[in-house]
Amino acid sequence: MTDAAVPVTQSAVENFAEQYLRSIGCDIDKQGNQWTVTAPNEVDSELLTESVTLVCGDNVDDEAAEELHPESPFFQTLLSEASDRAPTGKLSLEADNADAQLPDWLQESDLEVSSAKFTPYYDRTALVVLFRARVETVSEYQTELLQAVAIDTRSESFLPTLEQAFLQRVSSDTELKSSDSMDMQAADVRPLLDTASGQVADRIQTTIDEIHQEASRAADAEVEEFRQMQQQRIGELEEQLSNLSARIADLSDQINSSDESKRVEALKERKTLKNEHEDIQAELDDLRQRRDQGFPKRQREIRERHALDVQVEPLTITEVEYERGDLKIVLTTDEHTLEFTAGYGTGVGITETVNCSKCGRAFTDTNPVEDIAGGLICLDCSPQE
């Protein structure tokens, strides 16, 4: 999974709720942890009445107020409504909006970046989709994430830096400034949305696998517990049968040696015990048969309760306009100066792979650029003192 995901914490809940409610035209008056939300007359929502009071957290004294926290019914309904509505917006990232975003392999370097100048050449458009990814079982496990996917509308390449910047807005106090309507048409958005959904599914696969393993272990433990209980029951029935057999044998001896009146009573009791013996034998045979088959019905019931339910739903869709061009970077040491140029996008960062001049490997945060004598040299290839 990439870093472009945030757990559904209280902070993320409050920021998402505020941004979503404002995106559909609600007015929010905050007084401490209490919000008074006033919905516009034209809003189409079963959740929002004319005015609703929200309390951030679960310590609510006002019976008329709604709790706002990750597990609260209001927030879960809000997410479902947002998923159905998938509100859209538009952002523009211009070169003046922020300083140049340097990659990790430069930020982790000891070299000095003496200058970084961006020259934009053309505008590009990306789609940033905020998904709710939910992995749960009927019985125990539940994981919920807000996952952003940014995709260039032309090349369909994913833009992880843009995703992280978007999620920082979601999980921080920064208000999302998505005011304009999207220019893209629904027919153009749909294939990109499908691609982004597939990307989310791939990214959460590790989480799915981990929860699946936990669920499988829990199911195995429950099956084994049931098997041991049934084995104990088999032991109890076998002991009862043994006792009944012994008692029936005693009664048979009494029948052969007793007088008429006692013999009649012994016959009656033996008949009763034989019926009881047959019933227990039938139960024991059935239990043994199901044990030998591995208790398939019970196993199926247990594993169905521990089966995973994975849901990936789009919550918001934001069209992002950004600029692409070249970023000219100058690195300096006491002895050398080196200038190089790489493709760059506003909000996206460097858009192309930069490789070590010696080994040809791409720079990474763990193997950053370390030397500039004779080119860009990575840490592994730089001369060791």
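This is a predicted model, so every value here is computed, not measured.

1. Some words on the overall build of the protein
Piece 1. Looking only at helices and strands, the protein has 8 helices and 13 strands in total.
Piece 2. Considering the protein as a whole, with its 385 residues, one finds that 41% of them fall into the buried category.
Piece 3. Roughly 21,200 Å² of accessible area belongs to the protein as shown, and the carbon and sulfur atoms make up 42% of that amount.

2. Regarding the layout of surface pockets
Piece 1. Considered as a void within the structure, the largest pocket measures approximately 600 Å³ in volume.
Piece 2. Every residue lining the largest pocket is counted, 22 residues in all, and those nearest its centre are Pro103, Asp104, Pro160, Thr161 and Ile350.
Piece 3. Breaking the lining of the largest pocket down by element, the ones donating at least two residues are α3 (104-107), α4 (160-171) and β11 (349-350).
Piece 4. When its residues are assigned to classes, the lining of the largest pocket shows 10 nonpolar, 8 polar and 4 charged.

3. Let's talk about the nonpolar core
Piece 1. Leu21, Leu68 and Leu162 are the most contacted members of the largest nonpolar core, which has 39 residues in total.
Piece 2. Looking at which element gives the most residues to this core, the answer is helix α1 (residues 10-23), with 6 residues.
Piece 3. Beyond its immediate sequence surroundings of up to four residues, Leu21 is in contact with Cys26, Ile28, Val37, Leu48, Leu54 and Leu78.
Piece 4. Counting 19 residues, the second-largest nonpolar core is a separate cluster that includes Leu106, Phe340, Tyr344 and Cys356.

4. Concerning the confidence of the model for the protein
Piece 1. Per-residue pLDDT for the protein averages 84, and the proportion of residues at 70 or more is 89%.
Piece 2. Across the protein, element-level confidence peaks in strand β10 (residues 337-345) with a mean pLDDT of 93 and bottoms out in strand β1 (residues 5-7) with 56.
Piece 3. Ignoring residues within four places in sequence, the model shows residues 173-178, a span with pLDDT below 50, making 14 contacts including any to other chains.

5. Some thoughts on the sheet that holds strand β2 (residues 27-31)
Piece 1. The mixed open sheet is built from 4 strands, whose spatial order is β2-β3-β4-β5. At either margin of the open sheet sits one strand with a lone partner, and together these are β2 and β5 (66-68). Here the average twist between neighbouring strands, direction ignored, is 30 degrees.
Piece 2. Where strand β4 (residues 51-56) and β5 come together, 3 bridges link them in parallel fashion. In the sheet register, Leu54 faces β5, and the bridge partner there is Glu66.

6. Digging into the pairing of β4
Piece 1. Counted residue by residue, β4 has 5 buried out of 6 residues, so it is predominantly covered.
Piece 2. In terms of strand pairing, strand β3 (residues 34-38) meets β4 through 5 bridges, oriented antiparallel. Residue pairing for β4: Gln34 is matched across the bridge by Val55.

7. Description of the packing of helix α6 (residues 205-257) against helix α8 (residues 296-305)
Piece 1. Running from amino to carboxyl end, α6 crosses α8 at an angle of 150 degrees, the nearest separation of the two axes being 9 Å. For the element pair α6 / α8, the angle class is roughly antiparallel. Where α6 crosses over α8, the two elements pack in a sense that is right-handed. Residue-level inspection shows Ser216, Ala219, Asp220, Glu222, Val223 and Phe226 of α6 in contact with α8, the latter providing Arg298, Gln299, Ile302, Arg303 and Arg305.
Piece 2. Of the residues in the contact of α6 with α8, the class split is 4 nonpolar, 2 polar and 5 charged.

Parameters and conventions
Residues numbered from 1 in each chain as written. Predicted model: local features only at pLDDT ≥ 70, side-chain atom pairs only at ≥ 80, totals over all residues. Heavy atoms only, no water. Helix = DSSP H or I, 4+ residues; strand = E, 2+ residues; numbered from the N terminus. Buried < 20%, exposed > 50% of the residue type's maximum accessible area, 1.4 Å probe, protein only. Areas by Shrake-Rupley, 256 points an atom, 1.4 Å probe, with all protein chains shown as cover. 1 Å grid on protein atoms, 1.4 Å probe; cavity = no way out; pocket = protein on both sides within 12 Å on 5 of 7 lines; lining within 4 Å. Points joined across faces, edges and corners; volume = space filled by probe spheres on them. Nonpolar A, V, L, I, M, F, W, Y, C, P; charged D, E, K, R; others polar. Core = buried A, V, L, I, M, F, W, Y, C linked by side-chain atoms within 4.5 Å. Contact = heavy atoms within 4.5 Å. pLDDT = per-residue confidence, 0-100. Pairing = 2+ DSSP bridges. Axes fitted to C-alpha atoms, helices over the stretch in contact; angles between N-to-C directions. Parallel < 35°, antiparallel > 145°, perpendicular 65-115°, else oblique. Left-handed = near helix turned anticlockwise from the far one by under 90°.

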